[in-house]
Protein chains: 2
Amino acid sequence: MSAERLARAYLLRVAEPPAPAVVAFVARHGPVESAELIRRGDVPDAVAQETTARRELDLAREDLAWAAREGYRLVTPEDDEWPAWPLLCLDVATGRGVRDVAAPLALWVRGAARLDEAATDAVAIVGARAATEYGEHTAADLAYTLAHEQTAVFSGAAYGIDGAAHRGALSAGGVTVAVLGCALDAGYPAGHVGLLNRVAAGGAVVSEYPPGTPPARHRFLVRNRLIAALTAGTVVVEAGRRSGARNTAATAGALGKVVMAVPGPVGSAASVGCHQLIRDAHATLVASASDVLDTVGRLGTSRPEGAGRPRRRTDGLGPQALRVHEALGERRGKSPEGIATESGVPLARVRALLPELELAGLSERCESGWRRSRSGADPESGQTGIRAGQDGSPGLMRVRTDG
Amino acid sequence: MSAERLARAYLLRVAEPPAPAVVAFVARHGPVESAELIRRGDVPDAVAQETTARRELDLAREDLAWAAREGYRLVTPEDDEWPAWPLLCLDVATGRGVRDVAAPLALWVRGAARLDEAATDAVAIVGARAATEYGEHTAADLAYTLAHEQTAVFSGAAYGIDGAAHRGALSAGGVTVAVLGCALDAGYPAGHVGLLNRVAAGGAVVSEYPPGTPPARHRFLVRNRLIAALTAGTVVVEAGRRSGARNTAATAGALGKVVMAVPGPVGSAASVGCHQLIRDAHATLVASASDVLDTVGRLGTSRPEGAGRPRRRTDGLGPQALRVHEALGERRGKSPEGIATESGVPLARVRALLPELELAGLSERCESGWRRSRSGADPESGQTGIRAGQDGSPGLMRVRTDG
């Protein structure tokens, strides 16, 4: 039981996520020293505010013993299994001032699947609990085909669309991951205890919350950032006018991820939120699993094992991402339409790839549209480390040195 | 029976639409001299190619007598009723090299409604003949509400969606217009003869074709440009993968009109074309009549009676169009997204308004997006005539001097 591991388990007990000040503190001081300073109360105000209420609650050994007993595990940034690359978008968004999207300090995981592998090119399928038969059928159908195509399906284990998505992926024998807004042992939702057992058998059930944490409305919203971050794109299957699924979609958009929505009959209240997302929030309409795969593409979320550091900033981009990058001007911005025309890449893909390239430090928005990033080095210059130049914080550097 | 009227009736007999060379010839020489020159064969090659086959077929008096007997009329560009402003987009598109969209030389009209008034802020509702109950219900419902809101509903009188749209508008006691791909007396489609009688009672049935002209596949496609031109936007309610309704939508797009599509269940083959239009062709998703009205806006297709000539180029623009115009840069292009952000006008409306502003000579596309038109005068300069500066041809000038 390493010191880092104990420190991370302690931090998960102490800081209710999202805890941006604690995350930044740990990035600066490391988990062991951070935990010690927090325990003593020897911390800046912002960190104190996130930790004072529970800092004396040191159950790290008990929590780790509980996990060992149950066959669960704590996955930390120090582990190979940590999905560092997908979660990077949370650090980037926090750095940009997006609120409430701080990275997790560690994750409690139950299940057979490695989290970093599951999160490679994964897709989230989410939607309303008050789903229709049409919505559940569509969610299960999409999940089945995606899982069959080796794409892991992430969702939130709720009744309705979420459950149908998990079931569809399971029926294809594929990997599905449930991210919870409560502890792994909360037994919630009660009607999905059996489903979560089956999800864990070949996939994973994931939570930031230490054992005993009950579900709460704010925890579902906080959890949504993990579903969005761990996947290349989020599909909303059914959503009413005020569905929480729209929150996941908004978070995915804020993280630069692809947001997709499934249309339905215009008279169906359960599709109103999806139609609003497509009409007003620029979500891409998807009517099939191949629409989903076309839309998310294959950019940037995974890297081949042992490939070493890239030699050019554009190494590791897929063919369409390369074409989009090449179509970007050095100075004048171009509209997505102009880039689509020049690159020959469909507009929906261009719209999906531009924010991904931005996250990778390869594109930026300007007044007149999108152009190549000026802060980065010459793409032909043989600079090492695609994203190392984009943010010098240890937290971000770590991502590129762990693999 | 004026000489112009006889000449136009002759030209409709002689030239199978679209007849761009004849339209340009008539714009230069006027209808009477053009008809005489065509009758004699004293015309340039391009005009000869469009007229040689039938130039000796002078049934103008008979056709006008037929119309008088049936209670029909010939509406010509010389008449107050001519929908000059909506049809202007056909001249503009032809001038830009869009093929097969030449303006009509005149129109045979049956019915109580004035064509210019019906075409003010009208909406086209079109779709597949092989429609589902869902599609027909949705088309009728949209048409009912639009007609109830004083928006005329144009369609093509076909079975399926078209018929449902006409019926929906009729049931609201509103104005609906059927544009045919055959003569007014063709009795086609056979099952809609009664419906067309009801359409004519309060609205209009319109055709370019002289009496006796049978329906033909190419005439439906040619007719589609009139449906697109005479309306502010086209709504596709259901369309299979290869539906002709998608041709109307493509034509509407080429004419700078708003293209909208209604989503449906993802498993329905009748909605595949609509989903493709939204996903791949940037059609705006509409789920209700208020979505349609929001999307088409109220720009430019109508002008108050007796308002006289505008003093500034931007006079006559609605409030949102003005905001979009103000958000455009003088030199650097901006993306629709950037313009939406700056103007506070929703992106879907910005996308609809930009091509309308372009038609009005107030915006233009450039490499990096959209900017104010450079060819036009300073918008603050008190120049008279919004669109007069945009194209000096007599055909275009006429539009502003007829009213």
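Looking up chain A in an unreviewed UniProt entry gives the name DNA-processing protein DprA, with the organism given as Prauserella oleivorans. Its UniProt record gives chain A the following Sequence similarities (unreviewed entry) comment, quoted word for word: "Belongs to the DprA/Smf family."

Structural notes on the sheet that holds strand β8 (residues 258–261) of chain A
All names here are of chain A. The strand order across the open sheet formed by nine strands is β1-β2-β6-β5-β4-β3-β7-β8-β9, and the pairing between neighbours is mixed. Across the chains shown, the open sheet's two edge strands, defined by having one partner strand only, are β1 (73–75) and β9 (284–285). The pairing of strand β2 (residues 107–110) with strand β6 (residues 204–207) spans three bridges and is classified as antiparallel. Bridging from a neighbouring strand, Trp108 pairs with Ser207 of β6. Each of β3 (123–126), β4 (153–155) and β7 (233–236) is contacted by helix α8 (residues 133–148), which is oriented at about 165° to β3, the strand it contacts most.

Observations concerning the pairing of β2 of chain A
Residues and elements named next belong to chain A. Because side chains alternate across β2, one face comprises the buried residues Leu107 and Val109, and the other comprises Trp108 and Arg110, equally buried. Relative to β2, β1 runs antiparallel, the two being bridged by three bridges. Opposite Val75, over in β2, you have Leu107 as the bridge partner.

So, helix α5 (residues 84–95) of chain B
All names here are of chain B. An ideal rise of 1.5 Å per residue puts 16 Å on twelve residues; α5 measures up with 16 Å between its terminal C-alpha atoms. Inspection of α5 places Ala84, Trp85, Pro86, Leu87, Leu88, Cys89, Leu90, Val92 and Ala93 among the buried residues, and these make up the whole buried set. Of the residues one or two after α5, Gly97 is the one with positive phi, at around 100°.

Here we look at the relation of the copies chain A and chain B
It takes a turn of 179° to lay chain A on chain B, together with a shift of 0.0 Å along the axis; the resulting RMSD is 0.1 Å. Here the transformation between the copies is reduced to the relation of a two-fold axis. A share of 100% of interface residues in chain A that are also interface residues in chain B marks the association as one of identical surfaces.

Digging into the packing of helix α8 (residues 161–171) of chain B against helix α9 (residues 193–202) of chain B
Residue and element names in this part refer to chain B. For the pair α8 and α9, the least separation of the axes is 10 Å and the interaxial angle reads 40°. The orientation of α8 relative to α9 falls into the category oblique. Relative to α9, α8 is oriented so that their crossing is left-handed. Two secondary-structure elements touch here, α8 through Gly163, His166, Arg167 and Leu170 and α9 through Leu195, Arg198 and Val199. Among the residues making up the contact of α8 with α9, the classes are represented as three nonpolar, two polar and two charged.

Overview of the side chain of Arg349 of chain A
Residues and elements named next belong to chain A. You can see Arg349 is positioned in helix α17 (residues 347–359). Of the side chains with opposite charge, Asp294 comes closest to the buried, unpaired Arg349, at an N-O distance of 5.4 Å. Side-chain polar atoms of Arg349 contact the backbone oxygen of Asp294, separated by 2.8 Å.

Observations regarding the environment of Val109 of chain A
Residue and element names in this part refer to chain A. Among the secondary structure elements, Val109 is positioned in strand β2. Val109 gets classed as buried once you look at its relative accessible area, which sits at 0%. Taking the C-alpha atoms as reference points, Val109 and Val179, 70 residues apart in sequence, are found 9.4 Å from one another. Once you skip the residues sitting within four places of it in the chain, Val109 turns out to touch Tyr72, Arg73, Val75, Leu115, Leu184, Ala204, Val205 and Val206.

As for the interface of chain A and chain B
Each partner contributes residues to the interface: chain A has 30 residues there, and chain B has 30 residues. Taken together, the two surfaces of chain A and chain B that pack against each other cover about 2,500 Å², and 58% of this comes from carbon and sulfur. Its largest share of buried area at the contact with chain B, chain A owes to Val266, Arg279 and Arg332 of chain A, together 29% of the area lost on that side. Where chain A packs against chain B, one counts four salt bridges. For Glu337 of chain A, the salt bridge identified is with Arg351 of chain B, shortest N-O distance 3.9 Å. Run the count over chain A and chain B and you get eight residue pairs in polar contact (both at pLDDT 80 or more).

Definitions and limits used
- Residues numbered from 1 in each chain as written.
- Chains lettered and ligands numbered in written order.
- Predicted model: local features only at pLDDT ≥ 70, side-chain atom pairs only at ≥ 80, totals over all residues.
- Heavy atoms only, no water.
- UniProt positions renumbered as here; feature names shortened; annotations may be inferred.
- Pairing = 2+ DSSP bridges.
- Helix = DSSP H or I, 4+ residues; strand = E, 2+ residues; numbered from the N terminus.
- Contact = heavy atoms within 4.5 Å.
- Axes fitted to C-alpha atoms, helices over the stretch in contact; angles between N-to-C directions.
- Buried < 20%, exposed > 50% of the residue type's maximum accessible area, 1.4 Å probe, protein only.
- Expected span 1.5 Å × (residues − 1).
- Least-squares fit on C-alpha atoms with pLDDT ≥ 70 in both.
- Parallel < 35°, antiparallel > 145°, perpendicular 65-115°, else oblique.
- Left-handed = near helix turned anticlockwise from the far one by under 90°.
- Nonpolar A, V, L, I, M, F, W, Y, C, P; charged D, E, K, R; others polar.
- Lys, Arg positive; Asp, Glu negative; His and termini not counted.
- Salt bridge = Lys/Arg side-chain N within 4 Å of Asp/Glu carboxyl O.
- Polar contact = N/O pair within 3.5 Å; in protein donor to acceptor, adjacent residues only side chain to side chain.
- Buried area = accessible area lost by both parts, 1.4 Å probe.

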